[in-house]
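Architecture and fold: a report
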There are 2 protein chains.
Amino acid sequence: MLSDRRMTTKKQEYQRPVSIKDIARRARVSVATVSRALHDHPRIGVETRKRVQQLAREMGYVPNETARSLVRQCTYTIGIVMPDASDPYAAAILHSIEDMARTVGYTLLLVHSWGMPARELEAIQTLRKRDVDGLVLVSSRMGGQLHALTNKLGRPLVIVNGNSAPGVGYTVRGDNVHGVILATEYLLHLGHRRIAFIGGPEGSRSGWERKSGYRQVLRNEGLAEAIFPGNGRLIDGVRAFQVMQQQGRLPEAIVCYNDLTALGVLQAAWQAGVGVPENLSVIGFDDILYSAYSIPPLTTVAQPKAAMGEAVVQLLTRLIRGEPAQNILLPGKLIERSSCHAR
Amino acid sequence: MLSDRRMTTKKQEYQRPVSIKDIARRARVSVATVSRALHDHPRIGVETRKRVQQLAREMGYVPNETARSLVRQCTYTIGIVMPDASDPYAAAILHSIEDMARTVGYTLLLVHSWGMPARELEAIQTLRKRDVDGLVLVSSRMGGQLHALTNKLGRPLVIVNGNSAPGVGYTVRGDNVHGVILATEYLLHLGHRRIAFIGGPEGSRSGWERKSGYRQVLRNEGLAEAIFPGNGRLIDGVRAFQVMQQQGRLPEAIVCYNDLTALGVLQAAWQAGVGVPENLSVIGFDDILYSAYSIPPLTTVAQPKAAMGEAVVQLLTRLIRGEPAQNILLPGKLIERSSCHAR
DNA sequence: CTGTTAGCGCATTCAA
DNA sequence: TTGAATGCGCTAACAG
C-alpha cells in the first residue's frame, strides 16, 4: 500500500509515419515537388510550395533521416566511445561534446568501452556500421592496434586524452606533463620535500605523462621519489593511503593521478585521523564537479573540459569537410583550494 | 618546450566504403547472392558462400546499417533524452541503460535536455527524425505537454523517474514515497524530533513525492515540518544549510532531496564547524558513487540504478515487439553509513 | 542454388 | 515550374 504499482497492460500498435509520398498523393503533385517545397528550393511555384508545406504540417510529416542519410552519404551523426559515462571526468567531456555537437547539427551515438581495448574495437565496429560521419575516442587504451584500424576506418577520428598511435587520427588532450609539474612545484613552494605520487591506469598515456612530470620535478630537486600504484578510481586513493600508512611511509604531500584518487585519499586520511591539510597535503588533477565541495575542498589542476568538447567538435567538423587540421594541446590550470598547506 | 605541440597539418581524403555491389562484381555473382552468403541464408551453395565471405573479409566489407534500417524499417537504435550527463545520478542511469541496450543489440543516441521542457521537445524531434525504435526520457519535466506529442510519436516511449502524463508511454521509477519514508522513520527511530527537509526541483514529480513522504511521516507523529527549497544540486544543499543557520533554525536531522544536496550540507556544516553526525544527522537519496566516500560516509536511500537500466531496456524491447507491458516501480533501500547518529 | 526485380524514403538529374 | 526516372545500399519475393 506504500506503492501505487499500477499495472498498465494495454497493447498498442504504432503506425507508419507519413512520407513525402503520402503528401504527394494528397497534394496531387509528384514526390519531387514535395521534396522541393520542403527544401525551399528556388525552382518551385510559391503557390504550390505553401500548399505543400501547409499539408506537411497538418499531416505531421517528419523527414526520415535514415533515407536522407542514404542518399546524402552522410549521417550528421558522430560516434563516441568512452570507458564509462558514470566516471565524472568522462561524463564532463561527454557533456561538453554533446553540447557543442548539437549546436552544429550533429547527434551523438554513444558506446561504452569499459576501458577494455577489445570492447573499444567492438564499439568502433558498431559505429562504423552505423555510418557515423566521424568518431571520437575518449581515453582510448588501444594504442598500436589503432593503426590497423585507421586505414579501413574511412572516417575522421579524434582521440581525446587517450593513447594514440602516430599518424592515426588527430588528438585533443590536456597537457598532463605541464599540469603535474604545476602541481608538484606548488607543493615544493609550500615547503614540502617528501612528496609521493599515486599513479593512474597501467598503460595509459595520461598515467605515464603525469608520472613522468612528477619524476622530472623531483629529480631536478634531488628529492627521493615515492610512487604508489593506482587505477584512477576512488578506491585506489583509499588503498594507496592505507599502504603508505602500513608501511610507515606517509609523506608530507601527495600528488594524485586524478581527483577521484585524491578524494579517496581524503577519505582514508579522515578515517585514519590524519588531518588534511595540517598533517598531509593532497593535490588532484581534473577538477571534477565534486572537488569544490569535498572536505576539505580539493586543490587540483583543472582540465579545460568545456574547451575540450569545443575543440573536439571543431576538429571533427573540419576533418569531415576535408579541411586541414592540427592536434590540439590544452593547458591546465592550478586551482588553489584548501587541501594543501605550507609546511 | 614543456609541450610537444606537434602540428599535423596533412589533408586527407576518405574513401567510399566497399558495398555488396563491389563484392558481387569481384566474385562474379549477383548482389542477392552476396547478401545471402553474408547472412548464412540456407538456400546458397556452401562453396560460393565461403568464397564470398572470404572475399568480403579481404575487402574489409562493413554492412551499411543505414541502408539496412531503411528496408528493415527499424534501426536498432534507441534515443535517450536526459538533462545532463554530468549529473552523477543521470550518468549512472545512462550507464546501466547503455550497458543493457548493447547486450540486446541496440545502440544509443544521446541528447541533452538541460532539464528544460523546450529542449526536451527539440531533442525528441531530433530523435524522431533519426527514426529511433524507441525513446527513453530520463527525469523528464514535460508533464502535460507529452500528451500532444505521444500520439504523433509513433514509437514506444519509456519515462524514467520523470513527470509523466497518464496514458503517455510507460514508466520506470524508483519508489520515492516509500524511500523517503524509510529515511524519515530511520531518523525518528534514532530519536530525532526536529527533522527538516530540503526539497528538489520545483515541478518535478520526484521532488513532490519525496516531499510528501516526509510530510506524511511527520504529520503522523505530530511533529512540525520544516521545509527548505532546493534544486537537487550541491550548491542547493550548501545554501539551505546556510539559511537554516542564519535563521537559527538548525534542526537535529535533515532529510535531503538527493545525495548531491546532502553532500552540500555536509560541506556547509563542516565549514560552519557543525559536526556531522554528532550535532546533525544528514540523510540523502540516490546513493551516487561518491556517497560511500564522503566525509563522513553518507547514509542514504539507494535507488536500484542497475535494475532500472535493465527494466527500461526490457520494457522498451517488449513494446517494440508489440508485446503487452506494464509500468515498473522499484523499491529503494536504506544504506546505513555514518552521517546519522542517535540522539 | 542463383539471378532478376522491386522497393524502403528521399534528393536530384534530365525532360517536358 | 513540374514530373518521371534514377540511385543511395541493402533485403526479399519471385523466377528460373
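The structure under discussion appears in the preceding block.
It should be emphasised that the depicted structure is a prediction, and the values quoted were computed from it without experimental measurement.

Section: the sheet that holds strand 3 (residues 134-138) of chain B
Ordered by their spatial adjacency, twelve strands build an open sheet running 11(A)-5(A)-4(A)-3(A)-1(A)-2(A)-2(B)-1(B)-3(B)-4(B)-5(B)-11(B), and the pairing between neighbours is mixed. Both outer strands of the open sheet, strand 11 (328-330) of chain A together with strand 11 (328-330) of chain B, are each paired with one neighbouring strand and no more. The mean angle between the axes of side-by-side strands here comes to 20 degrees, regardless of whether they run parallel or antiparallel. Relative to strand 5 (residues 170-174) of chain B, strand 4 (residues 157-160) of chain B is paired through three bridges, and the arrangement is parallel. Its bridge partner being in strand 5 of chain B, valine 160 of chain B is matched across the sheet by valine 172 of chain B. Its contacts with the sheet put helix 5 (residues 88-103) of chain A on strand 1 (77-82), strand 2 (107-112), strand 3 (134-138) and strand 4 (157-160) of chain A together with strand 2 (107-112) of chain B, and the angle it makes with strand 2 of chain B is roughly 75 degrees. Where helix 5 (residues 88-103) of chain B meets the sheet, its contacts fall on strand 2 of chain A together with strand 1 (77-82), strand 2, strand 3 and strand 4 of chain B, and the angle it forms with strand 2 of chain A comes to roughly 75 degrees.

Some details on the protein's contact with DNA strand D
For DNA strand D, the set of nearby residues contains 26 residues, the closest of which are Thr33 and Gly45 of chain A together with Ile20, Tyr61 and Arg68 of chain B. Here DNA strand D approaches the protein such that, of its atoms within 4 Å, sugar and phosphate make up 67%. Between DNA strand D and serine 30 of chain A there is a distance of 3.0 Å, counted from a phosphate oxygen to a backbone nitrogen or oxygen. Within the side chain of threonine 33 of chain A, a nitrogen or oxygen atom sits 2.3 Å from a phosphate oxygen of DNA strand D. Only helix 2 (31-38) and helix 4 (65-72) of chain A together with helix 1 (20-27), helix 2 (31-38) and helix 4 (65-72) of chain B provide two or more residues apiece to the surface near DNA strand D. Its residues assigned to classes, the surface near DNA strand D comprises eleven nonpolar, nine polar and six charged.

Section: the packing of aromatic side chains
Residue and element names in this part refer to chain A. Inspection of the entire model under this criterion finds five aromatic pairs over all chains. Each ring, one from tyrosine 76 and one from tyrosine 106, has its centre 5.4 Å from the other, and the planes form 65 degrees; the classification is edge-to-face. Here tyrosine 76, found in the loop between helix 4 and strand 1, pairs with tyrosine 106, found in the loop between helix 5 and strand 2; they are 30 residues apart in sequence, far enough to count as distant. Residue classification places tyrosine 106 among the buried positions, given a relative accessible area of 10%. Between the NZ or CZ atom of arginine 210 and the centre of the ring of tyrosine 257, over which it lies, the distance is 4.7 Å.

Quick word on the packing of helix 4 of chain A against helix 4 of chain B
Two elements in contact, helix 4 of chain A and helix 4 of chain B, have axes whose closest approach is 9 Å; the angle formed by their N-to-C orientations is 135 degrees. One element, helix 4 of chain A, and the other, helix 4 of chain B, form an angle in the oblique class. Read as a crossing pair, helix 4 of chain A and helix 4 of chain B show a hand that is left-handed. In contact with Thr66, Ala67, Ser69 and Leu70 of chain A of helix 4 of chain A, helix 4 of chain B contributes Thr66, Ala67, Ser69 and Leu70 of chain B. Looking at the contact of helix 4 of chain A with helix 4 of chain B residue by residue, the class counts come to four nonpolar, four polar and no charged.

Describing the interface of chain A and chain B
Contact with chain A, which involves 81 residues of that partner, is made by 82 residues of chain B. The junction of chain A with chain B conceals about 7800 Å² of combined surface from both sides, 59% of it contributed by carbon and sulfur atoms. On the surface where chain A and chain B come into contact, there are zero salt bridges. At the boundary of chain A with chain B, the tally comes to 18 residue pairs in polar contact (both at pLDDT 80 or more). Within the residue set of the side of chain A that touches chain B, elements represented by two or more residues are helix 4, helix 5, strand 2, helix 6 (117-129), helix 7 (145-153), helix 8 (176-189), helix 10 (234-246) and helix 11 (259-272) of chain A. For the side of chain A that touches chain B, the element with the most residues is helix 5 of chain A, which contributes seven residues. Looking at the side of chain A that touches chain B, its residues break down into 37 nonpolar, 24 polar and 20 charged. As paired strands, strand 2 of chain A and strand 2 of chain B are joined by three bridges and run antiparallel to one another. Residue pairing in the sheet places leucine 108 of chain A in a bridge with leucine 110 of chain B of strand 2 of chain B.

Some details on the protein's contact with DNA strand C
Around DNA strand C, a shell composed of 25 residues is seen, among which Tyr61 of chain A together with Thr33, Arg43, Gly45 and Thr48 of chain B lie nearest. When the atoms of DNA strand C within 4 Å of the protein are sorted by group, sugar and phosphate make up 65%. Between DNA strand C and asparagine 64 of chain A, the relevant distance is 3.2 Å, taken from a phosphate oxygen to a main-chain nitrogen or oxygen of the residue. One of the backbone nitrogen or oxygen atoms of glycine 45 of chain B is found 2.7 Å away from a phosphate oxygen of DNA strand C. Mapped by element, the contributors of at least two residues to the surface near DNA strand C are helix 1 (20-27), helix 2 and helix 4 of chain A together with helix 2 and helix 4 of chain B. Partitioned by chemical class, the residues of the surface near DNA strand C number eleven nonpolar, nine polar and five charged.

Calculation rules
Residues numbered from 1 in each chain as written. Chains lettered and ligands numbered in written order. Predicted model: local features only at pLDDT ≥ 70, side-chain atom pairs only at ≥ 80, totals over all residues. Heavy atoms only, no water. Pairing = 2+ DSSP bridges. Helix = DSSP H or I, 4+ residues; strand = E, 2+ residues; numbered from the N terminus. Axes fitted to C-alpha atoms, helices over the stretch in contact; angles between N-to-C directions. Contact = heavy atoms within 4.5 Å. Near = heavy atom within 4 Å. Polar contact = N/O pair within 3.5 Å; in protein donor to acceptor, adjacent residues only side chain to side chain. Nonpolar A, V, L, I, M, F, W, Y, C, P; charged D, E, K, R; others polar. Phe/Tyr/Trp six-rings, centres within 6.5 Å; stacked < 30°, edge-to-face > 60°. Buried < 20%, exposed > 50% of the residue type's maximum accessible area, 1.4 Å probe, protein only. Lys NZ or Arg CZ within 6 Å of the ring centre and 35° of its normal. Parallel < 35°, antiparallel > 145°, perpendicular 65-115°, else oblique. Left-handed = near helix turned anticlockwise from the far one by under 90°. Buried area = accessible area lost by both parts, 1.4 Å probe. Salt bridge = Lys/Arg side-chain N within 4 Å of Asp/Glu carboxyl O.

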